[in-house]
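Spelled out from the first residue to the last, the chains are:
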Amino acid sequence: MWRNVLFDEGRNIAKRAERAQEAGDHGLARELYLRAITKFREASEISQDFKEIGVLRSLVSYYTDRVGALENETGYDNVRGSRLALKPPEKVTPASDEKELLRGSGVSEQVFKTVLSIAIEISREGREGHAIGTAFLIGDAANVMAKSRQLVLNPFEGHSRGNRMITDSETRDDIKEFAQLDGVFVIAADGAVEAAGRYITIDTGIIKLQRGLGTRHSSVAAITSATHALGIVVSQSGGIIRIFKDGMIVFTLKP
Ligand SMILES: Nc1ncnc2c1ncn2[C@@H]1O[C@H](COP(=O)(O)OP(=O)(O)OP(=O)(O)O)[C@@H](O)[C@H]1O
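What counts, and where the lines are drawn
Residues numbered from 1 in each chain as written. Predicted model: local features only at pLDDT ≥ 70, side-chain atom pairs only at ≥ 80, totals over all residues. Heavy atoms only, no water. UniProt positions renumbered as here; feature names shortened; annotations may be inferred. Axes fitted to C-alpha atoms, helices over the stretch in contact; angles between N-to-C directions. Helix = DSSP H or I, 4+ residues; strand = E, 2+ residues; numbered from the N terminus. Parallel < 35°, antiparallel > 145°, perpendicular 65-115°, else oblique. Left-handed = near helix turned anticlockwise from the far one by under 90°. Contact = heavy atoms within 4.5 Å. Nonpolar A, V, L, I, M, F, W, Y, C, P; charged D, E, K, R; others polar. Domains from an automatic or database assignment. Buried area = accessible area lost by both parts, 1.4 Å probe.

The chain has the name Diadenylate cyclase in an unreviewed UniProt entry, where Candidatus Methanoperedens nitratireducens is given as its organism. Listed under Function (unreviewed entry) in UniProt, the entry text for the chain is "Diadenylate cyclase that catalyzes the condensation of 2 ATP molecules into cyclic di-AMP (c-di-AMP). c-di-AMP is a second messenger for intracellular signal transduction involved in the control of important regulatory processes such as osmoregulation." Recorded in UniProt under Catalytic activity (unreviewed entry), the annotation for the chain is "2 ATP = 3',3'-c-di-AMP + 2 diphosphate".

Visitor: If you had to explain the packing of helix 5 (residues 109-125) against helix 7 (residues 169-178) to someone new, which residues and values would you point to?
Guide: At a minimum axis separation of 11 Å, helix 5 and helix 7 run at an interaxial angle of 45°. In terms of axis orientation, helix 5 runs oblique to helix 7. For the pair helix 5 and helix 7, the crossing hand works out as right-handed. Facing Thr114, Ser117, Ile118, Glu121, Ile122 and Glu125 of helix 5, the residues of helix 7 in contact are Arg172, Ile175 and Lys176. Classifying every residue of the contact of helix 5 with helix 7 gives three nonpolar, two polar and four charged.

Visitor: Account for the domain arrangement of the chain, with residues named and values stated.
Guide: Partitioning the chain into domains gives domain 1 (2-92) and domain 2 (101-253). Just the C-alpha atoms count here: the centres of domain 1 and domain 2 sit 25 Å apart. Domain 1 puts 15 residues into the contact, and the matching count from domain 2 is 15 residues. Summing both partners gives a buried area of about 1,400 Å² for domain 1 against domain 2, and 54% of it is carried by carbon and sulfur.

Printed below as a string of structure tokens:
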């Protein structure tokens, strides 16, 4: 109960921080991110559920990275700042697992964590009161594009690369909006969003997943076995997030 209150408070504060950052008030944004991090950390300390703890830690880690990026951008003075009160960033998975997961994909930790945090928000929030499912393929984008086709007009086509980086808060909002489209998001290893609404055309015959998982999951599994891409699927039924590599589910999160 208390951890839910803390989580909601943290999320609201983080949203305010994002708005402050967008409005260019980096001092306020930084302050609010730090407050949100404290809420998520407190919630994780009183939770008994290891999956929930994983999600909360990934939020701590994600927003800690954001504070770091803001401080680098603005030349913030770490020594005098309240950042001293911050513990070292915590990870959603042990560092060795995370390294292993990213190995061979060319995907940076920051890009992967950003996509995962968006997936967590989509799973938790849905859209306009409805649960939604979606999927992300990250890395090896040229190969992924060659093994898929557009289902609907690609909303990211024609935009400069700099304007479609996943780490940008506007792109993040667009992704949450387009998550309602059928198909998957294709994200390059450097974080540029190449496409939304992409249909995977690869044969799923060799993929064996647990019962109950349908074509969204099996097609993502199949394409991660045929390319170096990593897959993140948010299931519409139940909101479970599954991370795929080399045709297999390597992590499961229940936000
Ligand atoms: N090959 C594919 N490429 C891209 N998207 C797909 C593909 N197959 C299915 N989808 C998307 O997944 C949606 C759900 O399909 P399905 O119910 O079979 O998947 P699922 O794996 O059970 O996922 P969920 O748990 O979200 O329902 C489809 O409406 C479609 O948007």
